[in-house]
Amino acid sequence: EKYNVAIAGATGAVGETFLQILEERNFPINELRLLASARSVGKTIKFKGEDYKVQELTHDSFKGIDIALFSAGASRSLEFAPSAVKAGALVIDNSSAFRMEKDIPLVVPEVNAAAAFDNNGIIANPNCTTIIMVVALKPLHDYGKIKRVVVSSYQSSSGAGAQAMEELLAQTRAWAKGEPIKVEKFQHQLLFNVIPHIDKFTENGYTKEEMKMFNETRKIMGDDTIKVTATCVRVPVISAHSEAVTIETEKKITAEKARELLSKAPGVQVLDNPEKNEYPMPLFVAGKDDCYVGRIREDITCDNGLTFWVVGDQLRKGAALNAIQIAELFIK
Ligand code: A2P
Ligand code: 11C
């Protein structure tokens, strides 16, 4: 069977990755409809060697569509996803619009694939930083039950979209030419800097990105007792998010046991050879599908503590790949 697939936000950073991954995985596509803003109408995008014209995203864009992949921002999802559902499409939404809605599943296939089938037409794709963390947490939680997570993220510029990624490149070129450095997409210059501020600040002092890690982790893992304290930081990296994670578990997990559990976990690769200076880094992980874990060690400051480092390509596993893996749960 082949499916009619629409991509809302086809010209964006995630949209481009959707196309790459659909092609790589040879997703069974009958018709492909590429949607973006009026600004992009008339642009052509190549898929499997053929040119596709970008169309404007409207309420009428979804006639005959089976699967609609959304990544055009939360307000576009809120506005247009219901129209896609009405037209009979299954919506997989990459934005934060629906993630915490009670009757909308929030899915990472390695963690809670079954939840996807209990949907009313929309399935939410979690935040990229959360996805990358939970694929590593899942096998550890199943074994030792996680009580608390302390995480600091090192998020790349492309997490904020194609134009934000371009801003870091433009700042680099401007610096090299001795020209003034322009700041538009981020709050501050990102080149030669790190910015401890992703998404808006909330009343409790955490940012929305940090609260997504708290709330989404509980929903995906199906355990409202897990506590997550996150500090989310933008770093001058092009692609792939890194995270330093410390967990406290009910049952002790030794470093050796963690290595064994993580080596067997789907979607995870262990790369942990400190004697050879081998650990995951964004330059190595960008473009890869799996999340890579290294620097696994027992926390010397608490009894059942474990510390590790995880890196994932946030445009792939953190966004487009996860969404397509959700779609693959439904194809025959
Ligand atoms: P466009 O390129 O036409 O602006 P990114 O996350 O990389 O910034 O990408 C955002 C995606 O969302 C792009 O494909 C962008 O299309 C799309 N988008 C932004 N605003 C709108 C809108 N008002 N209607 C439809 N698509 C939009
Ligand atoms: C970033 N993680 O790197 C963010 C972008 O909730 O989907 C994704 C925001 C979201 O900027």
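What counts, and where the lines are drawn
Residues numbered from 1 in each chain as written. Chains lettered and ligands numbered in written order. Predicted model: local features only at pLDDT ≥ 70, side-chain atom pairs only at ≥ 80, totals over all residues. Heavy atoms only, no water. Pairing = 2+ DSSP bridges. Helix = DSSP H or I, 4+ residues; strand = E, 2+ residues; numbered from the N terminus. Axes fitted to C-alpha atoms, helices over the stretch in contact; angles between N-to-C directions. Buried < 20%, exposed > 50% of the residue type's maximum accessible area, 1.4 Å probe, protein only. Polar contact = N/O pair within 3.5 Å; in protein donor to acceptor, adjacent residues only side chain to side chain. Near = heavy atom within 4 Å. Areas by Shrake-Rupley, 256 points an atom, 1.4 Å probe, with all protein chains shown as cover. Domains from an automatic or database assignment. Contact = heavy atoms within 4.5 Å. Buried area = accessible area lost by both parts, 1.4 Å probe. Salt bridge = Lys/Arg side-chain N within 4 Å of Asp/Glu carboxyl O. Nonpolar A, V, L, I, M, F, W, Y, C, P; charged D, E, K, R; others polar.

Digging into the sheet that holds strand E9 (residues 146-155)
Here we have six strands laid out as an open sheet, ordered E10-E9-E11-E14-E13-E12, and mixed in their pairing. Every interior strand has two partners, whereas the edge strands, strand E10 (227-234) and strand E12 (268-270), have only one. Pairs of neighbouring strands in the sheet enclose a mean axial angle of 20°, with direction left out of account. Bridge count between E9 and E10: eight bridges; the pairing is parallel.

Brief notes about the environment of Ser 158
Along the chain, Ser 158 turns up in the loop between E9 and helix H5 (162-177). Under the relative-accessibility criterion, Ser 158 is labelled buried at 1%. Taking the C-alpha atoms as reference points, Ser 158 and Leu 90, 68 residues apart in sequence, are found 27 Å from one another. In this structure the side chain of Ser 158 is engaged in a polar contact, spanning 2.6 Å, whose partner is the side chain of Gln 314.

Focus: the site of ligand 1
Lining the immediate environment of ligand 1, one finds 15 residues, of which Thr 11, Ala 13, Ser 37, Arg 39 and Ser 40 sit closest. Gly 9 is positioned such that a nitrogen or oxygen atom in its backbone is 3.2 Å from an oxygen atom of ligand 1. A distance of 3.0 Å is found between an oxygen atom of ligand 1 and a backbone nitrogen or oxygen belonging to Gly 12. Relative to its free-state accessible area of 570 Å², ligand 1 is covered by the protein chains to the extent of 75%.

With respect to the domain arrangement of the chain
According to the domain assignment, the chain contains domain 1 (3-126 + 319-328) and domain 2 (130-314). Taken over C-alpha atoms, the centre of domain 1 sits 25 Å from the centre of domain 2. Taken residue by residue, the interface counts 17 residues in domain 1 and 17 residues in domain 2. Between domain 1 and domain 2 lies a buried interface of about 1,500 Å² when both sides are counted; carbon and sulfur atoms form 67% of it. By the criterion of area lost to domain 2, the three top residues of domain 1 are Met 100, Glu 110 and Val 111, representing 35% of everything that side buries. On inspection of domain 1 and its partner domain 2, the count reaches one salt bridge. Ionic pairing is found between Arg 99 and Glu 216, a salt bridge with its closest N-O pair at 3.0 Å. Counting across the interface, domain 1 meets domain 2 through five residue pairs in polar contact (both at pLDDT 80 or more). Counting only elements with at least two residues in the side of domain 1 that touches domain 2, the list comes to helix H3 (109-112) and helix H9 (316-328). Considered class by class, the residues forming the side of domain 1 that touches domain 2 number nine nonpolar, four polar and four charged.

Focus on the pattern of salt bridges
Summed over all chains, the structure comprises 18 salt bridges. Between Glu 31 and Arg 33 there is a salt bridge, and its shortest N-O distance comes to 2.8 Å. Owing to a relative accessible area of 11%, Arg 33 belongs among the buried residues under this scheme. Taking the shortest distance from any N to any O, the salt bridge between Asp 199 and Lys 212 comes out at 3.0 Å. You can see Asp 199 sitting in the loop between H5 and helix H6 (208-221) and its partner Lys 212 sitting in helix H6, a full 13 residues away along the chain.

Some thoughts on the sheet that holds strand E7 (residues 90-93)
In space, the six strands of this open sheet follow the order E5-E2-E1-E6-E7-E8, with parallel pairing throughout. Looking along the sheet, the strands with just one partner apiece sit at the ends: strand E5 (55-56) and strand E8 (122-124). Judged from the four bridges that link them, strand E1 (residues 3-8) and strand E6 (residues 67-70) form a sheet pairing that is parallel. Counterpart to Ile 7 in the pairing with E6 is Leu 69. Those strands touched by helix H1 (residues 13-24) are E1, strand E2 (29-36) and E6, and its axis lies near 155° from that of E1.

Some thoughts on the site of ligand 2
Lining the immediate environment of ligand 2, one finds 13 residues, of which Arg 99, Cys 128, Glu 209, Lys 212 and Arg 234 sit closest. The contact in question runs from an oxygen atom of ligand 2 to an N or O atom on the backbone of Gly 159, over 3.3 Å. Interatomic distance of 2.5 Å between a side-chain N/O atom of Arg 234 and an oxygen atom of ligand 2. A total of 320 Å² of accessible area belongs to ligand 2 in isolation, and the protein chains cover 83% of it. Of the residues contributing to the shell around ligand 2, the split by class is three nonpolar, six polar and four charged.

Re unusual backbone geometry
The general pattern is negative phi for most residues beyond glycine and trans for most peptide bonds. Backbone geometry places Asn 26, a non-glycine residue, at a positive phi of 50°. Within the element layout of this structure, Asn 26 appears in the loop between H1 and E2. Positive phi outside glycine occurs at Asp 199, with the angle close to 65°.

Here's the deal with the side chain of Ser 77
Mapped onto the elements of the fold, Ser 77 is located in helix H2 (residues 74-86). A distance of 2.6 Å separates a polar atom in the side chain of Ser 77 from a polar atom in the side chain of Asp 93. Once residues within four sequence positions are removed from consideration, Ser 77 is found in contact with Phe 70, Pro 82, Asp 93, Ser 95, Ala 97 and Phe 98.

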